[in-house]
Amino acid sequence: MIYFDNAATSWPKPPGVAEAMLHFLNQVGANPGRSGHRLSVEAGRIVYRAREALAELFNIRDPLRIVFAANATEALNLALHGYLRPGDHVIAGSMEHNSVMRPLRTLARPSAERQGIALTVVPCSPQGFLDPVDLEAAIRPETAMIVLNHASNVCGSLLPVREAGAVARRHGCLLLVDAAQTAGAYPLDVEADQIDLLAFTGHKALGGPTGTGGLVIGERVDVERLEALKQGGTGSRSERQDQPDFLPDKYESGTANAVGLAGLGAGVRWVLDQGVPAIRRHEVELTRRLIEGLTSIPGVTVYGGLDAARQTATVSFNVAGLLPSDVGLRLDEEHEIMCRVGLHCAPAAHETLGTFPHGAVRLSLGALNTADEVSIALEAVDKLARDVIQNYHPERSEGPKSN
Ligand SMILES: Cc1ncc(COP(=O)(O)O)c(C=O)c1O
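This report concerns the structure included in the present document.

**Let's talk about the overall build of the protein**
- For the protein, the helix and strand inventory stands at 11 helices and 13 strands.
- In summary, the protein has a C-alpha radius of gyration of 22 Å against a globular reference of 22 Å for 403 residues, a match within 12%.
- Taking the principal axes of the C-alpha coordinates as reference, the protein spans close to 75 × 55 × 35 Å.
- A buried classification covers 55% of the 403 residues belonging to the protein.
- A gap of 3 Å separates the mean positions of the 37 positive and 47 negative side-chain charges of the protein.

See below:
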């Protein structure tokens, strides 16, 4: 079986992740940061070590500026709902995932009591890239935030985070980066990239289990203004009925997913041991092979910039005469290749790429995939495409066309 669905969640997990979770469940087990006994202290230490590993990976001086969340979606909602106020102007790119688009569309809807935020969606190119000049042109005096997907979850295109950071600094607004597709797979430096808020997911390239993610809160962010999405027990300041105002406790109410964070810590340490540049080199090599192979198959259209150096290891394509869902089903049933088809929770990105409403077939590779797996997948797609040409079904002719 070949698992090419790492953009949804990575699998298998790096060595050490399952072991760290089992160790937590079997040997530690207690609630972190609550009780004073040794098991609770050890649980708290494991959670803190996960924070430290992430701080090293993202180049953050203070690990306590990392707030854990259930996933990138929760982290993005905290940043957007927590920070934005009626009348604020926000700029986003047209390659955003619905984890950004849906909170923004919700915030933009006026209600009887309050006006919405104003939203500008800057169009990206049909290859999925964004020109920072267009971003800067969209700035208004009331712009409070630029939100940018670091890499498209549809075609992998890398977006200009560093340039966006410079624009945000020049105009006194914040930059929120959705690093769901890059954290652990592509170098990220919160300081150098001038990122104010970084939402990450733990269960993709960081190698952790589902149910993990978080938000990095930079030093330019006014923590007083950034409202918590929930309030409750934190294990700190138990004598007080009001919510703590300090990091990370203000945003981490309720018992942490400690077993998940034990796994995430192990995943991040594995990434640090390999080194992000080495992981990136491996993935660029696999992506280059995949793009070259797919573009040479008659009837196959590949989306994006077709340049492995400018994208992540996520490649989307269509086979002329077949719906993406048919391709996905046949890859699974006939070739045991796992991929994701359709719109990938990113309708705006598919509109940008011209693949809306059918979407595309997405092969997303990870650090543990191999060149042999790429060769097998290419043979499988080649076979599917040849079958269509040989047994052309007129009733399928409304499916995506090669262009
Ligand atoms: C670009 C992007 N943003 C956000 C998310 C949401 O991540 P999570 O599933 O961790 O909430 C995803 C998940 O696929 C994504 O690809």
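We are not done yet, so read on.
**Points about the pattern of salt bridges**
- This structure, assessed with the given rule, holds 18 salt bridges.
- As a salt-bridge pair, Glu191 and Arg61 come within 3.6 Å of each other at their nearest N and O atoms. Note that Glu191 is positioned in the loop between β6 (174-178) and β7 (197-201) and Arg61 in the loop between α2 (38-58) and β2 (66-69), a separation of 130 residues in sequence.
- Note on Arg61: relative accessible area 62%, which makes it exposed.
- Note that Asp382 is salt-bridged to Arg386, the shortest N-O span being 2.9 Å. Taken together, the residues span about one helical turn, with Asp382 and Arg386 both in helix α11 (residues 371-390) at a distance of 4 residues.
- Judged by relative accessible area, which is 43%, Arg386 ranks as partly exposed.
- One network of salt bridges, in which partners are shared, links Arg330, Glu334, Lys383 and Asp387.

**A short note on helix α4 (residues 98-108)**
- Taken together, the buried positions of α4 are occupied by Asn98, Ser99, Val100, Met101, Pro103, Leu104 and Leu107.
- Summarising the contacts, the buried residues of α4 are in contact with α3 (72-83), β3 (89-93), β4 (118-122), β5 (143-149), β6 and α10 (347-353).

**Some words on the pairing of strand β10 (residues 314-319)**
- Across the 6 residues that make up β10, a large majority, 6, are buried.
- Burial along β10 is two-sided: the face carrying Thr314, Ser316 and Asn318 and the face carrying Val315, Phe317 and Val319 are both buried.
- Inspection of the sheet shows strand β9 (residues 300-302) paired to β10 by 3 bridges, in the antiparallel sense. Looking at β10, one finds that Val302 is bridged to Phe317.
- Pairing geometry for β10 and strand β13 (residues 360-364), over 4 bridges, is antiparallel. Residue pairing across strands places Val315 opposite Leu363, the latter belonging to β13.

**Some thoughts on the packing of aromatic side chains**
- Counted according to the given criterion, the structure contains 2 aromatic pairs.
- Taking 5.7 Å as the distance between ring centres and 70° as the angle between the ring planes, the aromatic pair formed by Tyr3 and Trp11 counts as edge-to-face.
- Classification of Trp11 by relative accessible area gives partly exposed; the value is 45%.
- Residues Phe58 and Phe200 carry aromatic rings whose centres are separated by 5.5 Å and whose planes lie at 55° to one another, so their mutual orientation is tilted. Taken together, the positions of Phe58 in helix α2 and Phe200 in strand β7 put the pair 142 residues apart, joining distant regions of the chain.
- Over the face of the ring belonging to Tyr83 we find Arg225, whose NZ or CZ atom lies 3.8 Å from the ring centre.
- The ring of Phe129 carries Arg310 above its face, with NZ or CZ at 4.0 Å from the centroid.

**A word on the nonpolar core**
- Counting 57 residues, the largest nonpolar core has Leu54, Phe58, Phe68, Ile146, Leu175, Leu198 and Phe200 as the members making the most contacts within it.
- The biggest single contributor to this core is α2, with 9 residues.
- Once residues within four sequence positions are removed from consideration, Phe68 is found in contact with Val47, Ala50, Arg51, Leu54, Phe200, Gly213, Gly214, Glu252, Leu261 and Leu264.
- Listed in part, the 30 residues of the second largest apolar core include Ala92, Val100, Ile117 and Leu226.

Calculation rules
- Residues numbered from 1 in each chain as written.
- Predicted model: local features only at pLDDT ≥ 70, side-chain atom pairs only at ≥ 80, totals over all residues.
- Heavy atoms only, no water.
- Helix = DSSP H or I, 4+ residues; strand = E, 2+ residues; numbered from the N terminus.
- Rg over C-alpha atoms; globule rule 2.2 N^0.38 Å.
- Buried < 20%, exposed > 50% of the residue type's maximum accessible area, 1.4 Å probe, protein only.
- Lys, Arg positive; Asp, Glu negative; His and termini not counted.
- Charge placed at Lys NZ, Arg CZ, Asp CG, Glu CD.
- Salt bridge = Lys/Arg side-chain N within 4 Å of Asp/Glu carboxyl O.
- Contact = heavy atoms within 4.5 Å.
- Pairing = 2+ DSSP bridges.
- Phe/Tyr/Trp six-rings, centres within 6.5 Å; stacked < 30°, edge-to-face > 60°.
- Lys NZ or Arg CZ within 6 Å of the ring centre and 35° of its normal.
- Core = buried A, V, L, I, M, F, W, Y, C linked by side-chain atoms within 4.5 Å.

Spatial relationships are all this shows, so hold off on functional conclusions.
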